Amino acid sequence: MKLGKKKEKQGQKERVKHEGLHSKRVVFLWILLGISFVFAIYKNFTAIDRHTIHEREIVEERVVSTNGIENFVRGFAREYFSWDNTKENMDLRVMELEKYANEDLVRTIQGMSTAEMTNRSEVYKLDVWNVEKIKDKEYKVVFEVGQKVINATGEKKIEQPYETVVYVDKKNNMLIKKFPTLTDLPKKSPVLLKEEIEAENVEVDLKESVSEFLEDFFAVYPSLSEKELKYYAKEGIMPEIHMDSYQFNTLDKVVITSVHKNRVEVHLLVSYKSLFTDALQTFEYNLVLEKQDNWKVIERK
């Protein structure tokens, strides 16, 4: 009897508990996985957006700061290079310079004025040539001053280039950090620019047709109204010229640089007589023409 019961127990299989796909634990894990995936995507996109906004803000700040620096240097240079030989005006000059520079620099400037100075100076020209960031919050500015010096014997003019350094703090407040010091301006480049080359195999009839259209157009261009201009050019391509301000003289040069089906690219020189100055003026254009019923200007490069 005991043996029979033992065999019976051995023949029985242990029950294995299976958790289906819809059990609470499995559902919870799937939900957790989904939330993690969505959160990861969200973090990725928000990180890209924040990065993009950050980059745009840096560019905008740089442009605004450059304009401010130029104006700040102009204001300083007008006061620095202008003076009168009276004590009252010299004191006033120092007070104005204190708006731009620290006390040490202003004190040195004040010491540059001597009793022997019998002349006075005026600034008649002031151009800013370049603004370059050289350090964090520091900018080198190159500018040119035209200075007229007047004394008992007459007056003389001198134009010289200088450089200075401007410090800009977080609030965009500025300070002149360096005395205006003589420097160099950019010179004429020795590079020889290539002339426009005519496209290969431009047919004589095509060139005559294009030249005829251009001559007709530029002959009447100064007198065209906005409505009439649309006949010759796509809207917004050629600006309207004030009527009777220019008189057509000659079409000096026409070079067809590219031909593609019914379109051509043209480089040209056209001269007008200015009715204000009686002088001849040469205008230079790079145009794209398209042959519809007639030729028409569709792009200006």
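Throughout, residues of each chain are indexed from 1 in the direction in which the sequence is written. Where totals are concerned, whole chains, interfaces and linings use all residues; where local detail is concerned, this predicted model gives features only for residues with pLDDT of at least 70, and gives and counts side-chain atom pairs only at 80 or more. Note: side-chain values were computed over all heavy atoms of the structure, leaving out hydrogens and water.

Overview of the environment of Asn262
- The secondary structure listing takes helices from DSSP runs of H or I that are at least 4 residues long and strands from runs of E that are at least 2 residues long, numbered from the N terminus. With respect to the secondary-structure elements, Asn262 resides in the loop between strand S6 (246–260) and strand S7 (263–274).
- A C-alpha to C-alpha distance of 9.3 Å links Asn262 and Trp295, two positions 33 residues apart in sequence.
- Here, two residues are considered to be in contact whenever any of their heavy atoms come within 4.5 Å of each other. In this structure, Asn262 is in contact with Leu289, Glu290, Lys291 and Trp295, ignoring residues within four places of it in sequence.

What to know about the pairing of strand S3 (residues 154–168)
- As paired elements, strand S2 (residues 138–151) and S3 share 14 bridges and run antiparallel to each other. Residue Phe143 lies in a different strand from S3, and its bridge partner there is Tyr162.
- Two strands qualify as a pair provided that DSSP identifies no fewer than 2 bridges between them. Hairpin connection from S2 to S3: 2 residues lie between these consecutive antiparallel strands.
- Note: S3 against strand S4 (residues 174–176), 3 bridges, orientation antiparallel. Looking at S4, one finds that Tyr167 is bridged to Leu175.
- Turn length for the S3-S4 hairpin, with the two strands adjacent in sequence and antiparallel, is 5 residues, and the turn residue Asn172 shows positive phi of about 65°.

Digging into the side chain of Glu290
- Among the structural elements, Glu290 can be located in strand S8 (residues 280–291).
- Burial here depends on accessible area, computed with a 1.4 Å probe over protein chains only, as a share of the maximum for the residue type. Under 20% is buried, over 50% is exposed, and the range in between is partly exposed. Overall, Glu290 belongs to the buried group, its relative accessible area being 13%.
- Beyond its immediate chain neighbours, meaning those up to four positions away, Glu290 contacts Asn262, Arg263, Trp295, Lys296 and Ile298.

A closer look at the pairing of S2
- Burial analysis of S2 places 12 of its 14 residues in the buried class, which makes it a mostly covered element.
- As defined by bridge partners, strand S1 (residues 120–135) adjoins S2 across 13 bridges and the pair is classed as antiparallel. Across the sheet, residue Val128 finds its bridge partner in S2, namely Phe143.
- The antiparallel pairing of S1 with S2 creates a hairpin that spans 2 residues between the two strands, and Lys137 there sits at a positive phi of about 75°.

As for the environment of Ala199
- With respect to the helices and strands, Ala199 occurs in the loop between strand S5 (181–182) and helix H5 (204–220).
- Ala199 sits 58 residues away from Thr257 along the chain, and the two C-alpha atoms are 4.7 Å apart.

Focus: a negative patch on the surface
- To count toward a patch, a residue needs a relative accessible area above 30% and no salt bridge. Like charges then connect within 9 Å, nonpolar side chains (Val, Leu, Ile, Met, Phe, Trp, Tyr) within 5 Å. We get accessible surface area from the Shrake-Rupley algorithm with a probe of 1.4 Å; when it comes to residues, only the shown protein chains can shield them. The salt bridge criterion pairs a side-chain nitrogen of Lys or Arg with a carboxyl oxygen of Asp or Glu, the two atoms within 4 Å. Charge assignment in this entry is limited to Lys and Arg as positive and Asp and Glu as negative, and neither His nor the chain termini are counted. Charge coordinates come from a single atom per side chain, which is NZ of Lys, CZ of Arg, CG of Asp or CD of Glu. Together, Glu203, Asp205, Glu208, Glu212, Glu215 and Asp216 line one region of the surface with negative charge.
- Secondary-structure assignment places Glu208 in helix H5.

Let's talk about the sheet that holds S8
- Judged by pairing direction, the sheet is antiparallel, and its 4 strands sit side by side in the order S6-S7-S8-S9 without closing on themselves. What marks the edges here is a single partner per strand, and that holds for S6 and strand S9 (295–300). Going across the sheet, the axis of each strand differs from the next one's by a mean of 35°, ignoring polarity.
- Pairing of S8 with S9, which is carried by 5 bridges, proceeds in the antiparallel orientation. Lines fitted to C-alpha atoms define the axes here, with helix axes fitted over just the stretch in contact, and angles between the N-to-C directions of these axes take values from 0 to 180 degrees.

Re the nonpolar core
- With 30 residues, the main nonpolar core has Leu214, Phe218, Met238, Leu268 and Leu289 as its most contacted residues.
- Among the secondary structure elements, those contributing two or more residues to this core are H5, S6, S7, S8 and S9.
- In terms of residue count, H5 provides more of this core than any other element does, 6 residues in total.
- Once you skip the residues sitting within four places of it in the chain, Leu289 turns out to touch Val210, Phe213, Leu214, Asn262, Arg263, Val264, Val266, Trp295, Lys296 and Val297.
- Formed by 25 residues, the second largest nonpolar core is a distinct cluster that contains Val106, Leu126, Val128 and Met174. Here, the term nonpolar core denotes a set of buried Ala, Val, Leu, Ile, Met, Phe, Trp, Tyr and Cys residues that are joined through side-chain atoms within 4.5 Å.

Some details on the packing of aromatic side chains
- Whether two aromatic rings pair depends on their centres lying within 6.5 Å, for rings of Phe, Tyr and Trp, where Trp uses its six-membered ring; planes under 30 degrees apart make the pair stacked, over 60 edge-to-face, and the rest tilted. Tallied over the entire structure, the rule returns 18 aromatic pairs.
- Relative to Tyr221, the ring of Phe218 has its centre 6.0 Å away and its plane inclined at 85°; by these criteria the two rings are edge-to-face. For the pair Phe218 and Tyr221, one class covers both residues: buried.
- The interplanar angle of 85° and the centroid separation of 5.0 Å between the aromatic rings of Tyr231 and Tyr232 together place this pair among those described as edge-to-face.
- Overall, the relative accessible area of 17% leaves Tyr232 in the buried class.
- Three or more aromatic residues joined by ring pairs make a cluster, and in this case those are Phe72, Phe76, Tyr80, Phe81, Tyr100, Phe143 and Tyr162.
- Here the guanidinium or amino end of Arg93 rests over the ring plane of Tyr80, the centre of that ring lying 5.9 Å away. The rule for a charge over a ring is simple: NZ of Lys or CZ of Arg within 6 Å of the ring centre, and within 35 degrees of the ring normal.

Considerations on H5
- Multiplying one less than the number of residues by 1.5 Å gives the expected span of a helix. In a regular helix each residue adds 1.5 Å, so 17 residues correspond to 24 Å; H5 covers 25 Å between its end C-alpha atoms and thus fits that length.
- Among the residues of H5, those classed as buried are Leu206, Val210, Ser211, Phe213, Leu214, Phe217 and Phe218. Down the axis of H5, the smallest arc covering the buried residues is 165°, so these residues share one side. Across from the buried face of H5, at angles greater than 90 degrees, the exposed residues are Val204, Asp205 and Glu212.
- The elements touched by buried residues of H5 are helix H6 (226–229), S6, S7, S8 and S9. Note: the arc covers the axis-to-C-beta directions of the helix.

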